[in-house]
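Survey of secondary and tertiary structure
Each chain is listed here by its residues.
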Amino acid sequence: MMPPRTLFEKVWDAHVVRDGTGDSPSVLYVDLHLVHEVTSPQAFTMLRERGLKVRRPDRTMATMDHSTPTMATGGRITVLDPAASRQLDALAASCAEHGIPLYGLGDDRRGIVHVIGPELGRTQPGMTIVCGDSHTSTHGAFGALAFGIGTSEVGHVLATQCLLQSKPKTMEVRVDGALRPGVSAKDMILAIIAKIGVGGGTGHVIEYRGEAIRALDMEGRMTVCNMSIEAGARAGMIAPDMTTYAWLAGRDQAPSGDAWRDAMGRWHELVTDDGASFDRSVVFDASTMSPMITWGTNPGMAIPVDGRLPIAADVADTSNDRACAYMGFTPGQSLLGQPVDVVFVGSCTNGRLDDLRAAAGVMKGRRVAANTRMLVVPGSQRVKRDAEREGLADIFRAAGAEWRESGCSMCIAMNGDTVASGEYAVSTSNRNFEGRQGKGARTLLASPLTAAASAVAGMVADPRSLL
Amino acid sequence: MNQPWPPLASHAVLVARDDIDTDQIIPARFLTTTTRSGLGSHLFADWRYAENGAPRAEFALNAPASAGAQILVGGRNFGCGSSREHAPWALTDWGFRAVIATSFADIFRSNAHKNGLLTIALPEATLAATQKALASDPAAVITVDLPSQLVTLPGGPSVQFAIDGFSKRCLVDGLDELGSLLAELPTIQAWEATCAR
């Protein structure tokens, strides 16, 4: 009889083509390879130089998201940056050459790669999924083993559909209890990273478990898994359940009919067995969590929105001082009332329909403060259409926010959507690194609720005051 | 295809910060390139250049003593953040062949080794002593012997460092992983025919 295994071990074992030896890592099969314009051109060049073909274009899917403008004129997006334009053209040419399905500019299925994979039903439980993007961990919300890879590895997968991988360790993050009103999945993951640290998950695949995880909807689970990489983890996973199946059923590329029933039968096995052990375990209580906001220059530097920055004596190193200097903050201060120049709602972390609903719920009947600019960028064109149909776009526009085409936008700020040097942005994205949203920009990461409340107040605000 | 990794003896550039993320190593606005060459000029761009584009004298990379250095010494959790391989491309294009820190982010480490950039993780106390030595003598030389996994630090003894056997072999011999994977194609095809969904 097989010893009890974790969810990760089951998915890993089912994809090992050749086991690792002392001298060589395992050969791991990749079920789905997601491709975007920024991290793929050099991989396609390498294929051409070596006379190789894309081995499984049917297991490959490409989109344009990182550098694409979010402003459309007459429904058309024009790329003004010549370098970005050349890069997008290169992806289109490579996809045409190798027969890879591409959801390019003008395609109504286009969007952020980690939003459209699930949305199209391509992301499924038990799969191995990779992409040249660290937030590939998002897809782990479906019980897939999904992780980011570099461009050399993008080339490896294109050429062989496999990767050489050493088996990661396992880490259990259990969240008991129930989140209180105004506290969301984003706050949960920020609280987790604040505790375990930005390198706390290095070398590990996290499985999120417990009552509070089970209670999350798929959007919330994707938000949590998305930021696994911000704790340094190789991947994050959540066992599939009825919530997962209900979300997936009927999606364009999800199995249907008998194939759906067969798949469900397999997916039910994707749970950590009783008695299986993790290399590490950390336990949290959701009921003690508050809306969180980051004050510093990495995602682990987060506090409850009504809390205070750590004071110098709290830490031995100089990282906090450096972060305070960059952010223009003082140790021990509160962030409530801090004026906000920009509010960004979007990204692969919080750019899904449910995130926009949360933000719109706060914005309804209110206005963006005069000193603040608010940008709402849907995660995909489908999210955009759905939000428009539901009237969310009207709520944002009526509040004075800008409503845009989908893309990574101000999260990575390589498409022209930037925060100016010295400005403060409350952002629903995933990284508050120095200059992430533009050179000199100061980013405060928060949930869609906190972002919307801060837009209305024109300063950092506790969303619970508006619920 | 990489070059074999010969023994290294070089002075080092010290950037004594923890959690140096890949957005600092190369900011995202430089990622619209379709090649992997020439990125060294953007290495640490926002720490290295002032708003007007002038080099910041206080940043280590701009110090005259840093010219020609092949080793970068950082802090804890080096290379965290995005998966961009442009980070090791920028580091190697500048001339670095090794990065020394107390720990590395997984994807960065994997990317670095595929580009002839060795990552050396040292215990905290050892790194702290190294940082101190470099701060007082920027010309101090560090030597690295990869086959025996030994790094000799300024004024100190040789210290053993860990690296997985496969990465070591690829680096030492200048092999690329794709060659190994392509050699496995018959096994991959056989597995795929029966096991893949």
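A word on the overall build of chain B
Scanning chain B from N- to C-terminus turns up eight helices and seven strands. Taking 2.2 N^0.38 as the reference for a compact globule, 197 residues should give roughly 16 Å; the C-alpha atoms of chain B span a radius of gyration of 18 Å, in line with that estimate. With respect to the three principal axes, the spread of C-alpha positions in chain B is 60 × 45 × 25 Å. Out of the 197 residues in chain B, the part that is buried amounts to 47%. A separation of at least 24 residues holds for 67% of the contacts in chain B among residues at least 6 apart in sequence.

Some words on the overall build of chain A
In terms of regular secondary structure, chain A is built from 16 helices and 21 strands. Computed over its C-alpha atoms, the radius of gyration of chain A comes to 21 Å, within 12% of the 23 Å expected for a compact globule of 467 residues. The dimensions of chain A, computed from C-alpha atoms along their principal axes, are 55 × 55 × 45 Å. The buried share among the 467 residues of chain A stands at 61%. For chain A, contacts bridging at least 24 residues in sequence account for 76% of all contacts bridging at least 6.

A short note on the nonpolar core
Counting 200 residues, the largest nonpolar core has Met188(A), Ile293(A), Val343(A), Phe396(A) and Val99(B) as the members making the most contacts within it. Here the element with the most residues in this core is helix α6 (residues 185–196) of chain A; it accounts for eight residues. Ignoring sequence-local partners within four residues, the contact set of Phe396(A) consists of Ala360(A), Met363(A), Val376(A), Ala401(A) and Trp403(A).

Some words on the sheet that holds strand β10 (residues 162–165) of chain A
All names here are of chain A. With antiparallel pairing, three strands are arranged side by side in an open sheet as β1-β2-β10. Of all the strands in the sheet, just β1 (16–18) and β10 have a single pairing partner and so form its edges. This sheet shows a mean twist of 40° between the axes of neighbouring strands, independent of strand direction. Note that β1 and strand β2 (residues 26–29) share two bridges and pair antiparallel. Following the sheet pairing, Arg18 is matched in β2 by Val27.

Here we look at the sheet that holds strand β7 (residues 102–103) of chain A
All names here are of chain A. Pairing is parallel in the open sheet, where five strands are placed in the order β7-β4-β3-β8-β9. Among the strands making up the open sheet, the edge pair consists of β7 and β9 (145–148). Bridge count for strand β3 (residues 32–35) against strand β8 (residues 128–131) is three bridges, and the pairing is parallel. Residue Leu34 lies in a different strand from β8, and its bridge partner there is Cys131.

As for helix α2 (residues 41–49) of chain A
Residues and elements named next belong to chain A. Buried within α2 we find Pro41, Gln42, Ala43, Phe44, Met46 and Leu47. Buried positions along α2 lie against α3 (82–98) and α5 (151–160). Just beyond α2, the residue with positive phi is Gly51, at close to 65°.

A word on the interface of chain A and chain B
Residue-level contacts link 54 residues of chain A with 46 residues of chain B. With six residues, the top contributor of residues to the side of chain A that touches chain B is α5(A). Residue composition of the side of chain A that touches chain B, by class: 18 nonpolar, 24 polar and twelve charged.

Description of α5(A)
Because an α-helix completes one turn every 3.6 residues, residues spaced three or four positions apart along the sequence face the same direction. All names here are of chain A. Burial within α5 is extensive, with ten of its ten residues counted as buried. Within α5 the residues assigned to the buried category are Thr151, Ser152, Glu153, Val154, Gly155, His156, Val157, Leu158, Ala159 and Thr160. Two residues or fewer past α5, Gln161 is found with a positive phi of approximately 65°.

Topic: the environment of Leu127(B)
All names here are of chain B. Summarising the element assignment, Leu127 is placed in helix α5 (residues 124–136). Each C-alpha atom, one on Leu127 and one on Asp19, is 14 Å from the other, the two residues being 108 residues apart in sequence. If we skip the residues at most four places from it in the chain, Leu127 touches Ala101, Thr102 and Leu122.

Concerning the packing of helix α13 (residues 353–363) of chain A against helix α16 (residues 448–457) of chain A
Residue and element names in this part refer to chain A. Two numbers describe how α13 lies on α16: the axes approach to 8 Å, and their chain directions differ by 30°. Regarding the angle of α13 to α16, the classification is roughly parallel. Our pair here, α13 against α16, has a crossing hand that is right-handed. The residues of α16 that touch α13, namely those facing Asp355, Ala358, Ala359, Val362 and Met363, are Pro448, Leu449, Ala451, Ala452, Ala453 and Val456. Of the residues assigned to the contact of α13 with α16, the class counts are ten nonpolar, no polar and one charged.

Describing the environment of Val35(A)
Residues and elements named next belong to chain A. Assignment of secondary structure puts Val35 in strand β3. Classification of Val35 as buried rests on a count of 29 C-beta atoms within 10 Å. Separated by 25 residues in the primary sequence, Val35 and Thr60 place their C-alpha atoms 7.2 Å from one another. Beyond its immediate stretch of four places on either side in the chain, Val35 contacts Ser40, Thr60, Met61, Ala62 and Ile100.

A look at the pairing of strand β1 (residues 8–14) of chain B
Residues and elements named next belong to chain B. One ladder, built from four bridges, connects β1 with strand β5 (residues 141–145); its direction is antiparallel. If you follow His11 over to β5, its bridge partner there is Val141. Note that β1 and strand β2 (residues 71–73) share three bridges and pair parallel. Note on β2: the bridge partner recorded for Leu14 is Val73.

Things to note about unusual backbone geometry
Glycine aside, residues mostly have negative phi, and peptide bonds are mostly found in the trans state. Residue Ser409(A) is not a glycine yet carries a positive backbone phi of 50°. By secondary structure assignment, the location of Ser409(A) is in the loop between β19 (402–403) and β20 (424–427).

Brief notes about the confidence of the model for chain B
Put simply, chain B has an average pLDDT of 96, and 99% of its residues get 70 or more. Prediction confidence for the complex, expressed as pTM and ipTM, is 0.98 and 0.97 respectively.

Describing the environment of Gln161(A)
With respect to the secondary-structure elements, Gln161(A) resides in the loop between α5 and β10. Measuring from C-alpha to C-alpha, the distance between Gln161(A) and Ala455(A) comes to 45 Å, with 294 residues separating the pair along the chain. For Gln161(A), the residues in contact, after removing those within four places along its chain, are Tyr29(A), Val30(A), Arg55(A), Arg56(A), Arg59(A) and Ile188(B).

The rules behind each value
Residues numbered from 1 in each chain as written. Chains lettered and ligands numbered in written order. Predicted model: local features only at pLDDT ≥ 70, side-chain atom pairs only at ≥ 80, totals over all residues. Helix = DSSP H or I, 4+ residues; strand = E, 2+ residues; numbered from the N terminus. Rg over C-alpha atoms; globule rule 2.2 N^0.38 Å. Buried ≥ 20, exposed ≤ 12 C-beta atoms within 10 Å, placed from the backbone. Contact = placed C-beta atoms within 7 Å. Core = buried A, V, L, I, M, F, W, Y, C linked by C-beta atoms within 7 Å. Pairing = 2+ DSSP bridges. Axes fitted to C-alpha atoms, helices over the stretch in contact; angles between N-to-C directions. Nonpolar A, V, L, I, M, F, W, Y, C, P; charged D, E, K, R; others polar. Parallel < 35°, antiparallel > 145°, perpendicular 65-115°, else oblique. Left-handed = near helix turned anticlockwise from the far one by under 90°. pLDDT = per-residue confidence, 0-100.

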